[in-house]
Amino acid sequence: MDKSFFIETYGCQMNVSDSELISGLLSTDGYRETKDINNAGIILVNTCAIREHAEDKVNSRLGFYKQIKEKNPTTIIGVLGCMAQNLKENILESKPYVDIVLGPDSYRNLLDMIKARNNKASQIIDTNLSRYEVYENISPVRDGGVNAWISIMRGCDKFCTFCVVPFTRGRERSRSIESIVEEAEKAVKDGFSEITLLGQNVNSYNHDQRRFVELLAEVAQIPYLKRIRYTSPHPQDMTQEVLDVMLKYDNICNYIHLPLQAGNNNVLNRMNRTYKKEDFLTLVGQIRRTLPNVGLSTDIIVGFPGENEKEFQETLDVMELVKFDSAYTFKYSARPGTKASEFDDHVKEDEKQSRLERVIATQRKHTMFHNKNYVGKIEMVLVEKESKRSTQEWAGRTDSNKWVIFDKSNVNIGDIIPVRIDEIKGITLHGEIINIQEMEAA
Ligand code: 5AD
Ligand code: SF4
């Protein structure tokens, strides 16, 4: 039996982290990862269902896997993650070449299922969701780089009306602080400079009544851990205590991703976002008072069912007031099974497109506004990778999460070094590494 596997990942960072867990699980039984999809014994795809576009991409990949299987009929094809739930009937009926379908809480069964399928069992499907599974005691096989993703909680109980996650990933549950700290310590020993704590609702973390703030403070005290990030928090669960801990520990990055979604209270209410625009603005004020120069990013959805032009304008108004550093912007996409998909008055595609373009233009203006303030400043940058443009340049991030490009010199990936920001090209900062004396003189 061919024990090589190829795995590809679509969607969010949680999926990246899950794929690392799956690689960890497979490696315990002698399987080895290959980057050569055409000759892999097993092809796995970790899927995303958050928007229709994400599903379309996976569906077209499945067509490609089918062709591979026609050439190598013993190849096992596994569809994992959030699309498993929605795909299961469809797969049984129309995708006989798919061998295994596993939802996000069933990865532990993968080894047994591969064996069963090799023994000619019929198509295998397990999309049961668990109240408890947090994949403790599995060592992920990480893909290198400077950052280690550590998932600290799974699932979501917020039930925003547009979102499929509570259905695909099930109820909220958290890992113990001890197991998270242990995993973070191991990542530091393995050479990772940065860890990112992950959860669908990272700040509603709750294990035996121990909350996110406690976890964050414990992780911050891990020796030699240079940087800590976390994503994504929900505005409702953001507390002053969390901000205070961020201020107290230098290694917690001065950056928060705070999803707004929309700026009008009727829309927020129909989205079941549990805060009003005024609450969001108050929270941003509180964050900026506690954490000067904090980097703030957001998620925005345009064209939610029933959103009229006036309501949409309020999203632009809130953007003007907050001036986020960056934003992930989406056209609303109806997801089967969610409440909003049954709402009347869906916004037309061309209107969604026009709103999206206006949001993107507004954001670009604000990104430039913030970036200009960086020119001339010295920033501590974590050297992360070679720049896409040139093998002579590094790319790294400031602790406020801005990418900076600079000429390579005598520094290594994983170092944190002072860089003087000299100019902006497009929306990216460019700078030059400076030495410590120059930094002190400045
Ligand atoms: N349509 C468009 N965007 C969505 N998101 C979640 N569900 C949908 C949907 N149905 C966006 C939200 C969320 C981000 C991860 O994806 O902005 O914060
Ligand atoms: Fe989806 Fe809302 Fe939960 Fe985020 S908080 S995963 S948008 S339901």
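Note on numbering: residues in each chain are counted from 1, in written sequence order. Written order determines the labels here, with chains lettered from A and ligands numbered from 1. Local features in a predicted model are, by the rule used here, given only for residues with pLDDT of at least 70; side-chain atom pairs are given and counted only at 80 or more, and totals for whole chains, interfaces and linings are based on all residues. Derived side-chain values reflect all non-hydrogen atoms in the structure, with water molecules and hydrogen atoms excluded from consideration.

*Asks:* Which residues make up the pairing of strand β21 (residues 428-433), and what are the values?
*Replies:* Strands were regarded as paired on the criterion that DSSP finds at least two bridges between them. Elements are defined by DSSP. Helices are runs of H or I of four residues or more, strands are runs of E of two residues or more, and each kind is numbered from the N terminus. With 3 bridges joining them, strand β19 (residues 403-407) and β21 adopt parallel strand pairing. Bridge pairing in β21 places F406 opposite G431. The turn linking strand β20 (residues 416-425) back onto β21 is made up of 2 residues, and G426 within it adopts a positive phi angle of 65°.

*Asks:* Account for the packing of aromatic side chains, naming residues and giving values.
*Replies:* Only centres within 6.5 Å qualify two rings of Phe, Tyr or Trp (six-membered ring in Trp) as a pair; their planes then separate them into stacked at under 30 degrees, edge-to-face at over 60, and tilted for everything else. The tally for this structure, following the rule as stated, stands at 8 aromatic pairs. Summarising the aromatic geometry, the rings of F162 and F304 are spaced 6.4 Å apart at their centres and angled 85° between planes, so their arrangement reads as edge-to-face. Here the residue F162 occupies a position in the loop between β8 (153-154) and α5 (165-168), and F304 occupies one in the loop between β15 (295-302) and α11 (309-322), the gap between them amounting to 142 residues. Overall, the relative accessible area of 11% leaves F162 in the buried class. Aromatic rings pair up to connect F162, F304, Y332 and F343 into one cluster. Across the ring face of Y31, the terminal group of K3 is positioned such that the distance to the ring centre comes to 4.7 Å. The ring of F369 is capped by K323, whose NZ or CZ atom sits 5.8 Å from the centre of that ring. Working definition: with a 1.4 Å probe on protein chains only, accessible area under 20% of the residue-type maximum means buried, over 50% means exposed, and in between means partly exposed. Lysine NZ or arginine CZ positioned within 6 Å of the ring centre and within 35 degrees of the ring normal marks a charge as sitting over the ring.

*Asks:* Quick one: what's the story with the layout of surface pockets, residue by residue and with numbers?
*Replies:* Taken as a whole, the second largest pocket spans an internal volume of roughly 500 Å³. Every residue lining the second largest pocket is counted, 21 residues in all, and those nearest its centre are N254, P292, N293, V294 and Y374. At the level of elements, α8 (240-248) and α12 (349-374) are the ones that each hand at least two residues to the lining of the second largest pocket. Among the elements that take part in the lining of the second largest pocket, α12 stands out by supplying 4 residues, more than any other. Residue classes in the lining of the second largest pocket are distributed as 10 nonpolar, 5 polar and 6 charged. Grid points spaced at 1 Å and placed over the protein atoms alone form the basis of the search, with a cavity being a set where a 1.4 Å probe fits but cannot get out and a pocket an open set showing protein on both sides within 12 Å along at least five of seven lines. Lining residues have an atom within 4 Å of a point. Grid points are joined across faces, edges and corners, and a volume is the space filled by probe spheres set on the points. Just so you know the grouping, Ala, Val, Leu, Ile, Met, Phe, Trp, Tyr, Cys and Pro go in nonpolar, Asp, Glu, Lys and Arg go in charged, and all remaining residues, Gly too, go in polar.

*Asks:* Hey, could you go over the pattern of salt bridges for me, with residue numbers and the actual values?
*Replies:* In a structure, side chains of opposite charge can pair up when their charged atoms sit close to one another. Salt bridge criterion: a side-chain nitrogen from Lys or Arg within 4 Å of a carboxyl oxygen from Asp or Glu. Inspection of every chain in the model, using the stated rule, returns 39 salt bridges. Of the charged contacts in the structure, one is a salt bridge between R142 and E20, with a shortest N-O distance of 3.6 Å. Of this pair, R142 sits in the loop between β6 (124-126) and β7 (147-151) while E20 sits in helix α1 (residues 13-27); the two residues are 122 residues apart in sequence, bridging distant segments of the chain. Put simply, K158 and D237 hold a salt bridge, and the shortest N to O gap is 2.8 Å. One end of the pair, K158, is in the loop between β8 and α5; the other, D237, is in the loop between β13 (227-231) and α8, with 79 residues separating them in the sequence. Considered together, K158 and D237 belong to a single accessibility category, that of buried residues.

*Asks:* Please set out α1 residue by residue, giving values where relevant.
*Replies:* The first and last C-alpha atoms of α1 sit 21 Å apart over 15 residues, in line with the 21 Å expected at 1.5 Å per residue. For α1, a buried count of 12 out of 15 residues is recorded, marking the element as mostly surrounded by other parts of the structure. Of all the positions in α1, only M14, N15, S17, D18, S19, E20, L21, I22, S23, G24, L25 and L26 are classed as buried. For a helix, the expected span equals 1.5 Å multiplied by the residue count minus one.

*Asks:* Can you tell me about the sheet that holds β15, naming the residues and giving the values?
*Replies:* Read from one edge to the other, the open sheet built from 3 strands follows the order β14-β15-β16, with strand pairing classed as parallel. In the strand order of this sheet, the two ends are held by β14 (255-257) and β16 (326-331), each with one partner. Strand-to-strand twist across the sheet, computed as the mean angle between neighbouring axes with direction ignored, equals 10°. Across 6 bridges, β15 lies against β16 in parallel orientation. Pairing of D299 across the sheet is with Y328, part of β16. For this analysis, residues touch if any pair of their heavy atoms sits within 4.5 Å. The axes are straight lines fitted to the C-alpha atoms, using for helices just the contacting stretch, and the angles between their N-to-C directions are given from 0 to 180°. Contacting β15 and β16, α12 runs over the sheet at an angle of about 180° to β16.

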